[in-house]
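Overview (structure and organization)
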Amino acid sequence: MTDAERSRDSALPGEDREHGFGRHETTEERADRQWTEMLQEVRVAQTGAQILFGFLLSVVFTPRFEQLSPFDKNLYVVTVVLGALATGALVAPVSFHRTLAGHRRKPQLIQVTGRLIATGLALLAAAILCAVLLLLRVALETGLAWAIAGVVLIWFACCWLTLPLMLKRHVERAQ
């Protein structure tokens, strides 16, 4: 029997020993903690999405917008739509919480809002990538803009996907 199996077998009811955490919390306490952690995470992403979206809304009213190529105008539209979708997904947990508050559904709330946050982060990354591409296409030559946007995409993939997954595998192997 492994240490992880012994830990799980000796855990009290409601303890979060499944992932090796030494917490002694009930299911409700765990849900409260997870909800608080999710709110802290989403606040950072919401702020970024809202600032980007606000900036994007103002671009169309600048004199330079009319000089954009049809491709860049379409890229702008895609970027605005991605920004709106990201903002919607990242603000949705508030609506879910308001609707479900007091109905003792926090574990389900955490599952659904976790997916919404992940979707919102993916949409936010796409919106940022498109915004970078649009800005660089206006500021630089087209080929260089695409190359830099590609580097930004790789950076996001590393920071937001690869590194967390590598850490997760490392922690799982250590157990």
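Residues numbered from 1 in each chain as written. Predicted model: local features only at pLDDT ≥ 70, side-chain atom pairs only at ≥ 80, totals over all residues. Heavy atoms only, no water.

**Things to note about helix α2 (residues 27-59)**
Under the 1.5 Å per step criterion, the end-to-end length of α2 is 47 Å for 33 residues, consistent within 8% with the ideal 48 Å. On its buried face, α2 is in contact with α3 (70-100) and α4 (106-139). (Helix = DSSP H or I, 4+ residues; strand = E, 2+ residues; numbered from the N terminus. Expected span 1.5 Å × (residues − 1). Contact = heavy atoms within 4.5 Å.)

**Quick look at the side chain of glutamine 46**
In this fold, glutamine 46 is placed in helix α2. A residue is classified by how much of its surface remains accessible, and glutamine 46, at 15% relative accessible area, is buried. In this structure, glutamine 46 is in contact with Leu90, Val91 and Val94, ignoring residues within four places of it in sequence. (Buried < 20%, exposed > 50% of the residue type's maximum accessible area, 1.4 Å probe, protein only.)

**Comments concerning the packing of aromatic side chains**
All told, the structure shown has three aromatic pairs when counted by the stated rule. Measuring from ring centre to ring centre gives 5.1 Å for phenylalanine 65 and tyrosine 76, while their planes differ by 70 degrees; the resulting arrangement is edge-to-face. Taken together, the residues span a long stretch of sequence, with phenylalanine 65 in the loop between α2 and α3 and tyrosine 76 in helix α3 at a distance of eleven residues. Like tyrosine 76, phenylalanine 65 is buried. With 4.7 Å between their ring centres and 15 degrees between their planes, phenylalanine 156 and tryptophan 160 make a pair best called stacked. Highlighted residues: phenylalanine 156 and tryptophan 160, both in helix α5 (residues 142-174), separated by four residues, approximately one helical turn. (Phe/Tyr/Trp six-rings, centres within 6.5 Å; stacked < 30°, edge-to-face > 60°.)

**Some points on the UniProt feature "transmembrane region" (unreviewed entry) in the chain**
UniProt's entry tags residues 44-63, 75-96, 116-138 and 144-167 with the feature "transmembrane region" (unreviewed entry), counted in the numbering of this structure. Strand forms 0% of residues 116-138 and helix 100%; the C-alpha atoms that close the span are 33 Å apart. For the annotated span residues 144-167, helix accounts for 100% and strand for 0% of the residues, and the straight-line distance between the end C-alpha atoms is 33 Å. (UniProt positions renumbered as here; feature names shortened; annotations may be inferred.)

**Things to note about the nonpolar core**
Ranked by internal contacts, the top residues of the largest apolar core, which has 30 residues, are Leu52, Tyr76, Leu90 and Leu124. With eleven residues, the top contributor of residues to this core is α4. Sequence-distant contacts of leucine 124, defined by excluding residues within four places in its chain, comprise Ala45, Gly48, Ala49, Leu52, Ala86 and Leu90. (Core = buried A, V, L, I, M, F, W, Y, C linked by side-chain atoms within 4.5 Å.)

**Overview of the layout of surface pockets**
Its volume calculated, the second largest pocket comes out at about 250 Å³. Every residue lining the second largest pocket is listed: Ala118, Leu121, Ala122, Ala125, Ala126, Leu129, Leu153, Phe156, Ala157, Trp160 and Leu161. Of all the secondary structure elements, the ones that give two or more residues to the lining of the second largest pocket are α4 and α5. With six residues, the top contributor of residues to the lining of the second largest pocket is α4. Partitioning the lining of the second largest pocket into residue classes produces eleven nonpolar, no polar and no charged. (1 Å grid on protein atoms, 1.4 Å probe; cavity = no way out; pocket = protein on both sides within 12 Å on 5 of 7 lines; lining within 4 Å. Points joined across faces, edges and corners; volume = space filled by probe spheres on them. Nonpolar A, V, L, I, M, F, W, Y, C, P; charged D, E, K, R; others polar.)

**Quick look at the environment of leucine 52**
Tracing the chain through its elements places leucine 52 in helix α2. Spatially, the C-alpha atoms of leucine 52 and alanine 127 are 8.4 Å apart, while their sequence positions differ by 75 residues. In this structure leucine 52 touches Leu124, Ala127, Ile128 and Ala131, once residues within four positions along its chain are discounted.

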